[in-house]
Amino acid sequence: MSINDAQRQVIAATSQGSEQHSREQLSGAEIDTAVSGRTKAEVPLTIETVTERSNMMLAYQRVVENKGAAGVDNLSVSALKPWLKENWASIKRALMAGHYLPRAIRKMDIPKPDGGVRTLGIPTVADRLIQQAIAQKLSPVVDPTFSNSSYGFRPGRNAWQAVRQAQVYMHSGKRQVVDMDLEKFFDRVDHDILMSRLARRIKDIRLLKLIRRYLEAESVDSNKERVRRVRGMPQGGPLSPLLSNILLDELDKELERRGHAFCRYADDCNIYVSSRKAGEHLLRDISEYLTETLGLTINEKKSAVARPWARKFLGYSVTRHKYARLKVADSSVSRLKDKLRSLTTGHRSASVQSVINKLSPLLRGWISYFRYTEVKGVLEALDSWINRKLRCLLWRQWKRARTRAKKLMRAGLTEERAWRSAGNQRGAWWNSGASHMNQAIKVSLLRNAGLLSLLEQHRQFQR
């Protein structure tokens, strides 16, 4: 999921309603349809339309902008252009003939915030280019048919809209949430089921076979062992988010058919109901539906029926008030602190200025995503905690009592107080919160050095 995309998008106000939103968020393909008078059915999706020069040029631009690691062939994004000059003609012929075989994907495990690992599949740069070209042509065909309650990896939609719409459901009286977690979704996708859904939209057999080959591409781990994929789809390619939405749109349509209020972002789905009993019944029914229809399983340990303030959704939670207010979830605060600790702990030789320079982009991105929090106390507490971490770093760097006394006197403390504070034999964390360090290293000094205030940044977003 990518939350980074949500940070760069501008959220549309929930109060405008989904109908107005759909009018304002017409894709380029829909505008072209309106102008030319053609319908999407009259412009079939084929290998020829995918490999059109204009589409490939746009795909190349996006792959270059996204950068990313090299695949199994070690071809970097910067080397893609000269490589294409030599090889694109033969690749295009193979695509047209339906004979193109994607390269294996490079397997990479990254830690999840809540424990465990997430396995990414990194295609070669050339295969990322082709996947991006397919996604650009497929998205305008399928996206207009997606549910208005689906917010992930769609043009003009983002996580902010999802959490604010969830808040609207709570205000309407639906104060129980069915928090569904799909167990290892990307590892469990049934290829036959997904391809049958794609075949409803794509009639070009060559294109269908190509997508299937991407689904079944071998993965290569760090030990050079090759494993063929018989289920699931790799996370890491440009096509995977769109394919996941195509499959899960069937879940959306089933929930709409039953008249439920829900928000889905990728494989993260929350359904809002009026009573716990209704929620428990719904969770059982939907679990059976997913297993029988899509071959997917709900993670019983992570899924639950609970009050919204006892759960989190896309990093946000809410207060217990009748008019529930958005707040940063406790787990999101903990993850931020873990990242900040890694930048401020164990760096005695690093200057405070260099540490601040590293903190700034992290803090700016974090508060940009959480700009819609309505509980500001946590921001104030985080600001105070960050200030203290930097004071702690300084206290450790000063090391000896003589150095500490000199630094405190330079900051304006009397000689007697400076020496008494420098020799107090207490730990660095205690001293970082004591009055002598607060007086010596004022907040204004840290702000002048470039340290961002989360609370102040939040106020600026509200203006």
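This is a predicted model, so every value here is computed, not measured.

*Asks:* Sorry if this is basic, but what is going on with the sheet that holds strand 4 (residues 219–220) here?
*Replies:* Where strands meet in a sheet, backbone hydrogen bonds hold them as pairs that are either parallel or antiparallel. Taken together, four strands build an open sheet; the order of strands is 2-1-4-5 and the sheet is mixed. At either margin of the open sheet sits one strand with a lone partner, and together these are strand 2 (117–122) and strand 5 (226–227). Pairing of strand 1 (residues 105–111) with strand 2 involves six bridges; the strand directions are antiparallel. Residue pairing for strand 2: Ile-110 is matched across the bridge by Arg-118.

*Asks:* Help me understand the confidence of the model for the protein, please; the structure alone is not making it clear to me.
*Replies:* Parts of the model with low pLDDT should not have their predicted coordinates read in detail. Put simply, the protein has an average pLDDT of 89, and 89% of its residues get 70 or more. In this model residues 1–42 is a low-confidence stretch, pLDDT under 50, and it forms 53 contacts with partners more than four residues away in sequence or in other chains.

*Asks:* Explain the packing of aromatic side chains here, please?
*Replies:* One pair of aromatic rings is described through two measures. These are the centre distance and the angle between the planes. On inspection of all chains with the given rule, the structure shows nine aromatic pairs. Where Phe-185 meets Phe-186, the ring centres are 5.0 Å apart and the plane angle is 75 degrees; that geometry is what we call edge-to-face. Look at Phe-185 and you get buried, because its relative accessible area is 3%. With 6.2 Å between their ring centres and 55 degrees between their planes, Trp-395 and Trp-398 make a pair best called tilted. Separated by three residues within a single helix, Trp-395 and Trp-398 lie in helix 16 (residues 377–398), roughly one turn from each other. Considered together, Trp-395 and Trp-398 belong to a single accessibility category, that of buried residues. Of the aromatic side chains, those joined through ring pairs into one cluster are Tyr-316, Trp-366, Tyr-369 and Phe-370. A cation over a ring is seen here: Arg-157 above Tyr-151, with NZ or CZ 5.0 Å from the ring centre. Arg-426 extends its terminal NZ or CZ atom over the ring of Trp-430, reaching a point 4.5 Å from the ring centre.

*Asks:* Is there a simple way to explain the sheet that holds strand 3 (residues 176–181) in this structure?
*Replies:* Here four strands make up an open sheet; going across it, the order is 6-7-3-8 and the pairing antiparallel. Both edges of this open sheet fall to strand 6 (261–265) and strand 8 (304–306), since each of them pairs with a single strand only. Each strand axis lies, on average, 20 degrees off the axis of its neighbour in the sheet, ignoring direction. Pairing geometry for strand 3 and strand 8, over three bridges, is antiparallel. For Val-177, the partnering residue across the bridge sits in strand 8 and is Ala-306. Relative to the sheet, helix 13 (residues 276–294) contacts strand 3, strand 7 (268–273) and strand 8, its axis offset from that of strand 3 by approximately 20 degrees.

Quick notes on the rules
- Residues numbered from 1 in each chain as written.
- Predicted model: local features only at pLDDT ≥ 70, side-chain atom pairs only at ≥ 80, totals over all residues.
- Heavy atoms only, no water.
- Pairing = 2+ DSSP bridges.
- Helix = DSSP H or I, 4+ residues; strand = E, 2+ residues; numbered from the N terminus.
- pLDDT = per-residue confidence, 0-100.
- Contact = heavy atoms within 4.5 Å.
- Phe/Tyr/Trp six-rings, centres within 6.5 Å; stacked < 30°, edge-to-face > 60°.
- Buried < 20%, exposed > 50% of the residue type's maximum accessible area, 1.4 Å probe, protein only.
- Lys NZ or Arg CZ within 6 Å of the ring centre and 35° of its normal.
- Axes fitted to C-alpha atoms, helices over the stretch in contact; angles between N-to-C directions.

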